[in-house]
Amino acid sequence: MTGDGFRPVRPERGDMFPAFEVVPAVDVEDGQVVQLVSGERGTETTYGDPVDAARRWVEAGARTLHLVDLDGAFEGERRNAAAIAAVVDAVGDRVDVQVGGGIRTVADATGLLDRGVDRVILGTAAVERPAIVGEIDDVHPGSVVVSLDAKGGEVVVEGWTEGTGLDPAAAATRFGERGAAGILFTDVDVEGRLEGVQTDRVRDVVEAVGIPVIASGGVATLDDVRALHDAGAAAVVVGTALYEGRFSLGEAMDAVADE
């Protein structure tokens with residue numbers, strides 16, 4: 001790391017996703033799997049026990065799981081630690097696990113990584129104190145994914161409730177320079193709506209960085225999965241469409257297998 005906190009991008013970090021992946025979401029609120037619409041509390045649809053969901057996706061062929069403590073994201077501290085730990089214990093030896101929501105300190109992050117989580121996802125903490133990315137990376141290289149959630153074209157934090165004025169692509173560039181291993185870009189405007197994706201926004205972030213970009217938000221069809229692949233995303237997180245049976249995980253992976 002240089003004296004100003006910046007570091008060169010490490011090309012080997014692209015190995016996070018050697019091939020395009022479809023990553024099932026296991027978003028946890030009050031101990032249950034839920035999906036929100038446009039990231040708003042009160043719009044929840046509940047889908048049962050997190051461990052049951054995780055096992056289902058692993059058995060369907062998932063290579064990575066995306067776990068989010070939604071209560072932690074909204075309230076600023078982890079509220080579903082026990083549920084997340086149960087998922088890691090159940091399937092963490094079979095798939096990669098990335099965890100976000102309420103991770104605000106280096107100790108929060110390293111505690112998860114020491115426990116067997118493969119990657120931590122930082123949103124609010126990274127935006128408010130960008131140096132935290134490098135501090136965690138120094139202890140666990142290649143383990144930090146920065147979450148850039150965009151609503152109305154700007155990055156939002158604190159559970160998607162507060163605007164920052166930051167442009168997602170510009171912010172992605174900054175975090176790539178600070179040691180992020182990847183960027184999770186969530187288009188909150190279309191999240192959970194099953195109305196399709198906005199690939200221009202994803203492409204802007206992809207073109208701004210030399211690290212993997214994980215796209216999230218709006219996936220409703222197999223064509224959406226293909227479109228995000230074609231936009232340059234390294235992976236796509238899918239929640240509502242999988243839980244509602246719009247397509248299977250296997251069908252989604254097959255949709256881009258030969259591309």
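Residues numbered from 1 in each chain as written. Predicted model: local features only at pLDDT ≥ 70, side-chain atom pairs only at ≥ 80, totals over all residues. Heavy atoms only, no water.

Side note on the overall build of the chain
Where we set the bar: The helix count covers DSSP runs of H or I at least four residues long, the strand count covers runs of E at least two residues long, and both are numbered beginning at the N terminus. The globule rule is 2.2 Å times the number of residues to the power 0.38, and the radius of gyration it is compared with is taken over C-alpha atoms. Only protein chains enter the calculation, and the probe is 1.4 Å; a residue is then buried if its accessible area is under 20% of its type maximum, exposed if over 50%, and partly exposed in between. The contact definition used throughout considers only heavy atoms, calling two residues in contact when any of these lie within 4.5 Å. Under the convention used here, a 1.4 Å probe and the Shrake-Rupley method define accessible areas, while residue burial counts only the protein chains that appear. We score Asp and Glu as negative and Lys and Arg as positive, and we do not count His or the chain ends. By convention, the point assigned to a charge is CZ for Arg, NZ for Lys, CD for Glu and CG for Asp.
Helix and strand counts for the chain come out as 11 helices and 12 strands. A globule of 259 residues ought to have a C-alpha radius of gyration of about 18 Å, and the chain, at 16 Å, matches this closely. With respect to the three principal axes, the spread of C-alpha positions in the chain is 50 × 35 × 35 Å. When each of the 259 residues of the chain is scored for burial, the buried share is 57%. Restricting to contacts in the chain with at least 6 residues of sequence separation, those with at least 24 account for 68%. Just so you have it, the chain exposes about 10,100 Å², and 44% of that area is on carbon and sulfur atoms. Taken as two groups, the 22 positive and 47 negative side-chain charges of the chain have centres that lie 2 Å from each other.

Thoughts on the pattern of salt bridges
Where side chains of opposite charge bring their charged atoms close, a pairing between them can arise. How we decide: The term salt bridge refers to a side-chain nitrogen of Lys or Arg lying within 4 Å of a carboxyl oxygen of Asp or Glu.
Tallied over the entire structure, the rule returns 8 salt bridges. For Arg-119, the salt bridge goes to Asp-96, with nearest N and O atoms at 3.6 Å. Placement of Arg-119 in strand E6 (residues 119-122) and of Asp-96 in strand E5 (residues 96-100) is noted, with a sequence separation of 23 residues between them. The buried category is assigned to Arg-119, whose relative accessible area is 5%. Here Asp-96 falls in the partly exposed class, since its relative accessible area comes to 27%.

A few points about the environment of Val-202
Relative to the helices and strands, Val-202 is located in helix H8 (residues 199-208). On the accessibility criterion, Val-202 (5% relative accessible area) is buried. Put simply, Val-202 and Ala-109 are 93 residues apart on the chain and 26 Å apart in space, counted from C-alpha to C-alpha. When near neighbours in sequence (up to four residues on either side) are disregarded, Val-202 contacts Phe-185, Ala-215, Leu-228, Ala-231 and Ala-233.

Things to note about the nonpolar core
This is how it is decided: Put simply, a nonpolar core is a bunch of buried Ala, Val, Leu, Ile, Met, Phe, Trp, Tyr and Cys residues held in one set by side-chain atoms that sit within 4.5 Å of each other.
The biggest cluster of nonpolar side chains holds 70 residues, and the ones touching the most others in it are Leu-65, Val-146, Phe-175, Ile-183 and Val-225. Setting aside anything within four residues of it in sequence, one finds Val-146 in contact with Leu-122, Ala-126, Val-133, Phe-175, Ala-180, Gly-182, Ile-183 and Leu-184. Ala-25, Ile-121, Leu-184 and Ala-235 belong to the second-largest nonpolar core, a separate cluster that totals 12 residues.

Describing the packing of helix H4 (residues 106-115) against helix H6 (residues 131-139)
Cut-off, in case you're wondering: For helices, the axis comes from a line fit to the C-alpha atoms of the stretch in contact; other axes are also lines fit to C-alpha atoms, and the angle between any two N-to-C directions lies between 0 and 180 degrees. For any helix crossing, the convention is left-handed if the near helix is rotated counterclockwise from the far helix by under a right angle, and right-handed if that rotation is clockwise. Each residue is assigned to one class: nonpolar for Ala, Val, Leu, Ile, Met, Phe, Trp, Tyr, Cys and Pro, charged for Asp, Glu, Lys and Arg, and polar for all the others, Gly among them.
Contact geometry of H4 with H6 gives a least axis separation of 10 Å together with a crossing angle of 35°. Crossing of H4 over H6 shows right-handed handedness. Contacts between H4 and H6 pair Val-106, Ala-109, Thr-110 and Leu-113 from the former with Ile-132, Glu-135, Ile-136 and Val-139 from the latter. Considering only residue class, the contact of H4 with H6 consists of 6 nonpolar, 1 polar and 1 charged.

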